[in-house]
Amino acid sequence: MKRLTALGGFDAKGPACFLLEINGSRLLLDMGKGPDAGRRPDLDGIGSVDAVLISHGHGDHIGSLDWLDRVGNPPVHATAPVRALADLPVLRDADDLPQSARIAGLDVETGPSGHAPGAVWMRIGGAQGVFYSGDYADGTGLFPASDPPMAEVAVLDCSYGAETDSIPAQRARLLAAIGDGPCLLPVQPAGRGVEIALACLQAGKDIAICDDIRRVVEVMCRFPEWLAPGSDEALRHLLHAARPLTSDSPLSGVMIAAGANCGSGMSAELGLRAIGTGNVPVIFTGHLSKGAPAGTWVEDGLAQKLMWNVHPDLITIRRLLSCSGAKRVLAAFAPKAAREALSAAIPEAGWVNTGVIEW
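Residues numbered from 1 in each chain as written. Predicted model: local features only at pLDDT ≥ 70, side-chain atom pairs only at ≥ 80, totals over all residues. Heavy atoms only, no water.

Focus on empty space enclosed by the protein
For the structure on display, the rule yields 1 cavity of 30 Å³ or more. Volume-wise, the largest cavity comes out at about 30 Å³. Considering only residue class, the lining of the largest cavity consists of 6 nonpolar, 2 polar and no charged. (1 Å grid on protein atoms, 1.4 Å probe; cavity = no way out; pocket = protein on both sides within 12 Å on 5 of 7 lines; lining within 4 Å. Points joined across faces, edges and corners; volume = space filled by probe spheres on them. Nonpolar A, V, L, I, M, F, W, Y, C, P; charged D, E, K, R; others polar.)

Below, the structure is given as structure tokens:
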């Protein structure tokens, strides 16, 4: 018997947490929190698990590791860059998640998913098992992504639903909106933030980055094998060329600050300063979390949102479906409207309308 149960991450942009049970072995795929209002996965009554496999280090995939005792304090596995960037001791001291391993009696394979430093997809249980994309992004130019292997069941990152907009068009719009600054870009530092900083630098803009982003760049320079060819040189140039950004820095040039929604990090302070001036644009590029300033500011016309893809567009979802050949597919991190749009766009896929799959 094989069963996959979404404890979070189904029917909403919710915390990633999937329980996989194969022939008596029990694994958790991610253990997240948020991104909206501190949402947690439903761990009630699931009992002990044999291991937790972490796809990458963002809060909505690791934020509930403080609940590890609720599932029997199993070993946690994560890639080297994820461990190097971790603030949580349990993640910093985690076991490795290599390209190929035997974990809790199951074959586990991984490959780069392009979304963030050290981010991976996973296949567990071979061709008759599960492909889990984690968060997947293709075409960003910094973090490579590889195609998945065949699997019976797929759990796919469908955060954008049937979105057709692409990174090149989004990059052009964002660079045009930024102009020469001043402009504040609140970002996720371990991922989109570094990509946007590189794009702005390559476009000849005067940029400043906060210490959180600088730390990510410094760490990733130690892992060139996790970067697209030549990107380690570009990152070293970024460290040299970017001005330091602090809470009392002048509001000038392109300011790229940690805290994607201005609810935390350097962007929390700089966002208030920028909004207060009335003439320093604030541009958000990702999910607007409930309860954070970003959504309110955009709704009130004080800031704007311009997308920068870090999840699959429709073309990429089609390719992932084709490569995996999965007969049953769970659209993860997608609310009902997004799932319906995907079903209409790709009706031949084996979409499931429940958070539990047995095979």
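Still more to cover.
Notes on the nonpolar core
In this structure, Leu185, Leu235, Leu238 and Ile256 are the most contacted members of the largest nonpolar core, which totals 56 residues. The leading source of residues in this core is helix H5 (residues 189-202), at 8 residues. Counting 27 residues, the second largest nonpolar core, distinct from the first, contains Ala101, Leu106, Val155 and Val352. (Core = buried A, V, L, I, M, F, W, Y, C linked by side-chain atoms within 4.5 Å. Buried < 20%, exposed > 50% of the residue type's maximum accessible area, 1.4 Å probe, protein only. Helix = DSSP H or I, 4+ residues; strand = E, 2+ residues; numbered from the N terminus.)

Considering the side chain of Lys2
With respect to the element layout, Lys2 can be found in strand E1 (residues 2-8). Here Lys2 occupies a buried position and makes no salt bridge, while the nearest side chain of opposite charge, Glu152, is found at 7.3 Å. At 3.1 Å, the side chain of Lys2 and the backbone oxygen of Gln128 are in polar contact. (Lys, Arg positive; Asp, Glu negative; His and termini not counted. Salt bridge = Lys/Arg side-chain N within 4 Å of Asp/Glu carboxyl O. Polar contact = N/O pair within 3.5 Å; in protein donor to acceptor, adjacent residues only side chain to side chain.)

Considering the state of the cysteines
Scanning all chains against the criterion turns up 0 disulfides. Among the cysteines around Cys200, which has no disulfide bond, Cys183 carries the closest sulfur, lying 8.1 Å off. Accessibility expressed as a relative area gives 0% for Cys200, which makes it buried. Free of any disulfide, Cys221 has its nearest cysteine sulfur in Cys210, 16 Å distant. By relative accessible area, which is 18% here, Cys221 ends up buried. (Disulfide = S-S within 2.5 Å.)

Some remarks on the packing of aromatic side chains
How two aromatic rings sit relative to each other is given by the distance of their centres and the angle of their planes. Taken as a whole and judged by the stated rule, the model has 4 aromatic pairs. Linked through ring pairs, Phe18, Tyr132 and Phe333 together constitute an aromatic cluster. Above the ring of Trp67, the side-chain terminus of Arg40 is found at 4.3 Å from the ring centroid. Directly above the ring of Trp67 sits Arg70, whose terminal nitrogen or CZ lies 3.7 Å from the centroid. (Phe/Tyr/Trp six-rings, centres within 6.5 Å; stacked < 30°, edge-to-face > 60°. Lys NZ or Arg CZ within 6 Å of the ring centre and 35° of its normal.)

Quick look at a negative patch on the surface
Taken together, the side chains of Asp87, Asp211, Asp212 and Glu218 define an acidic patch exposed on the protein surface. By secondary structure assignment, the location of Asp211 is in helix H6 (residues 211-220). On the basis of relative accessibility, which here comes to 54%, the residue Asp211 falls in the exposed class. (Patch = residues over 30% accessible without salt bridge, like charges linked within 9 Å, V, L, I, M, F, W, Y side chains within 5 Å. Areas by Shrake-Rupley, 256 points an atom, 1.4 Å probe, with all protein chains shown as cover. Charge placed at Lys NZ, Arg CZ, Asp CG, Glu CD.)

Describing the pairing of strand E3 (residues 25-29)
When you tally the buried positions in E3, you get 5 out of 5 residues, the bulk of the element. The alternating pattern of E3 places Ser25, Leu27 and Leu29 and Arg26 and Leu28 on opposite faces, both of which are buried. Pairing between strand E2 (residues 17-22) and E3: 5 bridges, direction antiparallel. For Leu20, the partnering residue across the bridge sits in E3 and is Leu27. Joining the antiparallel neighbours E2 and E3 is a turn of 2 residues, in which Asn23 adopts a positive phi near 50°. Inspection of the sheet shows E3 paired to strand E4 (residues 51-53) by 3 bridges, in the parallel sense. Along E4, the bridge assignment pairs Leu29 with Leu53. (Pairing = 2+ DSSP bridges.)

Observations concerning the sheet that holds strand E11 (residues 153-157)
Across the sheet, which stays open at both edges, the 6 strands sit in the order E7-E8-E9-E10-E11-E18 with mixed pairing between neighbours. Two strands lie at the open edges of the sheet, namely strand E7 (100-103) and strand E18 (328-332), each paired on one side alone. On average, each strand axis in the sheet is inclined to that of its neighbour by 20°, with strand direction left out of account. As judged from the 5 bridges shared by strand E8 (residues 106-112) and strand E9 (residues 120-124), these two strands associate in the antiparallel manner. By the bridge assignment for E9, Pro112 is matched with Val120. (Axes fitted to C-alpha atoms, helices over the stretch in contact; angles between N-to-C directions.)

Observations concerning the sheet that holds E4
Spatially, E6-E5-E4-E3-E2-E1-E19 is the arrangement adopted by the 7 strands of the open sheet, whose pairing is mixed. One side of each edge strand has no neighbouring strand; the edge strands of this open sheet are strand E6 (95-96) and strand E19 (356-358). One ladder, built from 2 bridges, connects E4 with strand E5 (residues 76-78); its direction is parallel. Within E5, the residue paired with Leu53 across the bridge is His77.

So, the pairing of E11
Most of E11 sits inside the fold, with 5 of its 5 residues counted as buried. Residues Val153, Val155 and Asp157 point to one face of E11 and Ala154 and Leu156 to the other, with burial holding for every one of them. With 3 bridges joining them, strand E10 (residues 130-132) and E11 adopt parallel strand pairing. Bridged to Val130 within E11 is Val153. Of the pairings in the sheet, the one linking E11 to E18 comprises 5 bridges and is parallel in character. Paired with Val155 across the strands is Leu330, a residue of E18.

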